[in-house]
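Here is how the chains run, residue by residue.
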Amino acid sequence: GIARYNVTAVRVTDAQHATTWKGEIDLASGTVATTYSRMTNVVYGVRSAELPRFKVICRRLTASVGGTVDCYLGYRANSSTDLQDGIYFRMTNGADWFLVARNSGTESTVDMGIAPTTSNIILEFRFNTATSIQAYYNNRPVGAPIMSNIPTGILGIHAGVDTRAAIVTTALVMRVSGWGWRTTRGG
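Residues numbered from 1 in each chain as written. Predicted model: local features only at pLDDT ≥ 70, side-chain atom pairs only at ≥ 80, totals over all residues. Heavy atoms only, no water.

**Q** Can you explain the packing of aromatic side chains? Please cite residues and give values.
**A** On inspection of all chains with the given rule, the structure shows six aromatic pairs. Measuring from ring centre to ring centre gives 5.4 Å for Tyr 72 and Tyr 88, while their planes differ by 90°; the resulting arrangement is edge-to-face. In this pair, Tyr 72 sits in strand β6 (residues 68-76) while Tyr 88 sits in strand β7 (residues 86-92), placing the two residues 16 residues apart along the sequence. Across the pair, exposure class does not vary: Tyr 72 and Tyr 88 are buried alike. Ring geometry for Tyr 75 against Phe 125: centres 5.3 Å apart, planes inclined by 85°, an arrangement best described as edge-to-face. You can see Tyr 75 sitting in strand β6 and its partner Phe 125 sitting in strand β10 (residues 121-129), a full 50 residues away along the chain. Three or more aromatic residues joined by ring pairs make a cluster, and in this case those are Phe 54, Tyr 75, Phe 89, Phe 125 and Trp 179. (Phe/Tyr/Trp six-rings, centres within 6.5 Å; stacked < 30°, edge-to-face > 60°. Helix = DSSP H or I, 4+ residues; strand = E, 2+ residues; numbered from the N terminus. Buried < 20%, exposed > 50% of the residue type's maximum accessible area, 1.4 Å probe, protein only.)

None of the figures reported here should be taken as evidence of function without further support.
Here you go:
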């Protein structure tokens, strides 16, 4: 069987369009060191023989200048700042998006080959098996599957921007237009 996608129902007002949009959230880094904005939803734990999927629609509204700024979208061990264990997409300082599997401080990554853009993109990961995660961009597979450093503990659904080092003179602002997750039974 297939579990339903869970989708957030946050509302933000877009001043440019004077409209309230359902399902959108802005994530922004601040202009001083170690600021952090995030949205964390339910805690998520995978049961035996389940194969999770995570999908997010996002775009960059403004690029960061100065400092080291990370954006995280996916499952993380906690909502603290800095690098955390989990399975998530990470973009640093406007470079390409990476799929990251990080366990006990050691990570495996896949470069998605996709830089942040002002147009909506769809980033997704799917477990092929309990030990194989495939990255997708706009519903097409990208790169080789990740097959190591896959955490097995309970993770939270997470979207966040972290000013990790030095002072940022221009904030990174990301918009998440929708996100969801589900599991299928493995076999």
